[in-house]
Amino acid sequence: MERELVQAEKLSTVAYLPRVVAGDHAVARVSDTGGGIPSEALARIFEPFFTTKPEGVGTGLGLSISRDILRRIGGDIRVESTTGVGTTFIVELPLAPRE
């Protein structure tokens, strides 16, 4: 897992920061080198009740609820995936300012 600090205004260009100030986020990236997520599933991955599991296994709520919670506290979750290469989930969490 890779960890870094980014300013909210610079989320598309990640930069290491020497100290935390209001508006900063901790970013955790969790990656694998598996088969990736097919594009049709990737487009729906955060929809409530969407699942690729067989009927009766899981509810399809985990990622949807996780994203809702993160957004309510000022964070977010995203996914990047390439079929045959792997998947990365990016979780952003707001940090409290240092005093």
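Model, not experiment: these values are computed from the prediction. (Residues numbered from 1 in each chain as written. Predicted model: local features only at pLDDT ≥ 70, side-chain atom pairs only at ≥ 80, totals over all residues. Heavy atoms only, no water.)

Q: Kindly report on the side chain of His 25, identifying the contributing residues and their values.
A: Turning to its location among the elements, His 25 is positioned in strand β2 (residues 24–32). By relative accessible area, which is 8% here, His 25 ends up buried. Side-chain polar atoms of His 25 contact the backbone oxygen of Gly 74, separated by 2.9 Å. (Helix = DSSP H or I, 4+ residues; strand = E, 2+ residues; numbered from the N terminus. Buried < 20%, exposed > 50% of the residue type's maximum accessible area, 1.4 Å probe, protein only. Polar contact = N/O pair within 3.5 Å; in protein donor to acceptor, adjacent residues only side chain to side chain.)

Q: Explain the confidence of the model for the protein to me, using residue names and the numbers behind them.
A: Confidence in the prediction of the protein, expressed as mean pLDDT, is 80, and 74% of residues score 70 or more. Segment residues 7–21: pLDDT under 50, and 27 contacts once partners within four positions in sequence are set aside and those in other chains are kept. (pLDDT = per-residue confidence, 0-100. Contact = heavy atoms within 4.5 Å.)

Q: Outline the pairing of strand β4 (residues 86–94), supporting the account with residue identities and numerical values.
A: Here β2 runs beside β4; their pairing, made up of eight bridges, is antiparallel. By the bridge assignment for β4, Ala 26 is matched with Leu 93. Of the pairings in the sheet, the one linking strand β3 (residues 76–82) to β4 comprises seven bridges and is antiparallel in character. Considered in β4, the bridge of Ile 77 is made with Val 91. Counted between consecutive antiparallel strands, the loop separating β3 from β4 contains three residues, among which Gly 84 sits at a positive phi close to 85°. (Pairing = 2+ DSSP bridges.)

Q: If you had to explain the environment of Ile 65 to someone new, which residues and values would you point to?
A: Its location among the elements puts Ile 65 in helix α2 (residues 62–72). When its relative accessible area of 43% is taken as the criterion, Ile 65 is described as partly exposed. Distance in space between the C-alpha atoms of Ile 65 and Phe 46 is 8.5 Å, their sequence separation being 19 residues.

Q: Requested: an account of unusual backbone geometry, with residues and values cited.
A: Residue Phe 49 is not a glycine yet carries a positive backbone phi of 70°. Residue position: Phe 49 is located in the loop between α1 (39–42) and α2. For Phe 49, a relative accessible area of 58% corresponds to the exposed category.

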